[in-house]
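Secondary and tertiary structure notes
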Amino acid sequence: MNSIKTFVAVATFSLISFGSFAQTITATAGTLDDAEAQIAAQAHKSGDSYRITEATTKNCVHMTAELNK
């Protein structure tokens, strides 16, 4: 039982530490270029790099990205 509690504690702390390195941001615009420009501006403002994780289009573009230090 002690080893299970230890495993759960280690898993929880490792997830917390990984989560502190990346921040998820979103942007909505009329075109892919405009949405990416918004993401790039947010990344530049905070001094981070970014990686686009998803983009969807219907009547507008919704884009999600991760900021990395």
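In what follows, the structure referred to is the one given above.
In this text the structure is predicted, and so the values were computed from the model without any measurement. (Residues numbered from 1 in each chain as written. Predicted model: local features only at pLDDT ≥ 70, side-chain atom pairs only at ≥ 80, totals over all residues. Heavy atoms only, no water.)

All right, on to the pairing of strand β3 (residues 61-68) then. Alignment of strand β1 (residues 22-29) against β3, held across eight bridges, turns out to be antiparallel. In the strand pairing of β3, Thr24 is matched with Glu66. With eight bridges connecting them, strand β2 (residues 49-57) and β3 associate as antiparallel partners. Among the inter-strand pairings, Arg51 is bridged to a residue of β3, identified as Glu66. Connecting β2 to the next strand, β3, in antiparallel fashion are three residues. (Pairing = 2+ DSSP bridges. Helix = DSSP H or I, 4+ residues; strand = E, 2+ residues; numbered from the N terminus.)

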